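Take a look at the letters that make up each chain.
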Amino acid sequence: MRKAGKIILFLCVIAFISLYLFYARGEAELVCDKARQVVKGDFIMHIRVEDLEDGFKVFRSIQYTGDKPVEMKHQTPLVSLSFKNRNHDYTGSHITKTLRKGSIYHPQKPKTFQDPTPGEYNLYCESAFTVDGKEVAINLKEKLTFE
């Protein structure tokens, strides 16, 4: 009987530890909101990361600072986002947009991600487009901390 009691106690301890690791570690939150800008020539890529109750949201846009109006061509999304692993995918037909000085262009809605387990992860941001026949690529790798 003593041996059966020890086995039951051991199994209860293992079950408790497993439940703790499954529920407590899976609900990490973003430590702090972030806002970053990357300048490339006459363009600025704006990225803002905000914490949500069960995940986080990333806002993204491109701002044009040049003096003369330009014609931009891009595929969807204008700013591609990938979390943890670098994986950018542009699809769809080309979109043409005329930008003037100070124009801020954000054709996509904010993208939402689920919170991971606690730790540090990379958010990869990339924008690829053509302006007056010249290719422009803007990249950002941002480290996000979850606790």
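Residues numbered from 1 in each chain as written. Predicted model: local features only at pLDDT ≥ 70, side-chain atom pairs only at ≥ 80, totals over all residues. Heavy atoms only, no water.

Trainee: What exactly am I supposed to notice about the overall build of the protein chain here?
Mentor: Helix and strand counts for the protein chain come out as 1 helix and 9 strands. Walking the protein chain from its N terminus toward its C terminus, one meets helices and strands in the order α-β-β-β-β-β-β-β-β-β. Within the protein chain, buried positions represent 34% of all 147 residues. Of the contacts formed within the protein chain by residues at least 6 apart in sequence, a portion of 62% connects residues at least 24 apart. Total accessible area on the protein chain stands at roughly 9700 Å², and carbon and sulfur atoms take up 53% of it. (Helix = DSSP H or I, 4+ residues; strand = E, 2+ residues; numbered from the N terminus. Buried < 20%, exposed > 50% of the residue type's maximum accessible area, 1.4 Å probe, protein only. Contact = heavy atoms within 4.5 Å. Areas by Shrake-Rupley, 256 points an atom, 1.4 Å probe, with all protein chains shown as cover.)

Trainee: Can you walk me through the side chain of Gln63 in this structure?
Mentor: Checked against the element boundaries, Gln63 lands in strand E3 (residues 55-64). What makes Gln63 buried here is its relative accessible area of 17%. One polar contact links Gln63 to His46, side chain to side chain, over a distance of 2.8 Å. In this view, Gln63 contacts Asp42, Phe43, Ile44, His46, Gly102, Ser103 and Ile104; residues no more than four positions away in its chain are not counted. (Polar contact = N/O pair within 3.5 Å; in protein donor to acceptor, adjacent residues only side chain to side chain.)

Trainee: Where do I start with the nonpolar core in this structure?
Mentor: As a rule of thumb, soluble globular proteins bury nonpolar side chains together. Counting residues in hydrophobic clusters, the biggest one holds 30 residues, and the most contacted among them are Phe43, Met45, Ile47, Phe56, Ile62, Met72 and Phe129. Listing elements by their share of this core, those giving two or more residues are strand E2 (43-51), E3, strand E4 (70-83), strand E8 (119-131) and strand E9 (134-146). Tallying contributions element by element places E4 first for this core, with 6 residues. (Core = buried A, V, L, I, M, F, W, Y, C linked by side-chain atoms within 4.5 Å.)

Trainee: Explain the pairing of E9 here, please?
Mentor: In the case of a regular strand, side chains alternate between the two sheet surfaces. Inspection of the sheet shows E8 paired to E9 by 13 bridges, in the antiparallel sense. Considered in E9, the bridge of Phe129 is made with Val136. Taken together, E8 and the strand that follows it, E9, pair antiparallel across an intervening segment of 2 residues, in which Asp132 is found at a positive phi of about 50°. (Pairing = 2+ DSSP bridges.)

Trainee: Quick question: what am I supposed to make of the environment of Phe43 here?
Mentor: Note on placement: Phe43 falls in strand E2. For Phe43, a relative accessible area of 6% translates into the label buried. Separated by 21 residues in the primary sequence, Phe43 and Tyr64 place their C-alpha atoms 4.8 Å from one another. Excluding its chain neighbours within four sequence positions, the residues that come into contact with Phe43 are Val38, Ile62, Gln63, Tyr64, Thr65, Val70, Met72, Leu99, Phe129, Val131 and Ile138.

Trainee: In this structure, what is going on with the packing of aromatic side chains? I would like to understand it.
Mentor: In this description, an aromatic ring pair is defined by two values, namely the gap between the centres and the angle between the planes. Evaluated as defined, the whole model comprises 9 aromatic pairs. What links up through ring pairs into an aromatic cluster is the set Phe56, Phe83, Phe113, Tyr121 and Phe146. Residue placement shows Arg48 over the ring face of Phe59; its charged tip is 4.2 Å from the ring centre. (Phe/Tyr/Trp six-rings, centres within 6.5 Å; stacked < 30°, edge-to-face > 60°. Lys NZ or Arg CZ within 6 Å of the ring centre and 35° of its normal.)

Trainee: Teacher, can you tell me more about the pairing of E2 here?
Mentor: As judged from the 7 bridges shared by strand E1 (residues 34-40) and E2, these two strands associate in the antiparallel manner. In the strand pairing of E2, Val39 is matched with Ile44. Following E1, the chain reverses through 2 residues before pairing antiparallel with E2; Gly41 in that reversal takes a positive phi of roughly 60°. Bridging between E2 and E3 involves 9 bridges; their strand directions are antiparallel. Residue Arg48 lies in a different strand from E3, and its bridge partner there is Phe59. Hairpin geometry of E2 and E3 is characterised by an intervening segment of 3 residues between the two adjacent antiparallel strands.

Trainee: What is the right way to look at the sheet that holds E8 in this model?
Mentor: Strand-to-strand pairing in sheets goes through backbone hydrogen bonds, with the strands running parallel or antiparallel. The strand order across the open sheet formed by 4 strands is E5-E4-E8-E9, and the pairing between neighbours is antiparallel. In this open sheet, the two strands that pair with only one neighbour each are strand E5 (91-99) and E9. Within the sheet, the average angular offset between the axes of one strand and its neighbour, ignoring direction, is 25°. Strand direction decides the pairing type here: E4 and E8, joined by 8 bridges, are antiparallel. (Axes fitted to C-alpha atoms, helices over the stretch in contact; angles between N-to-C directions.)

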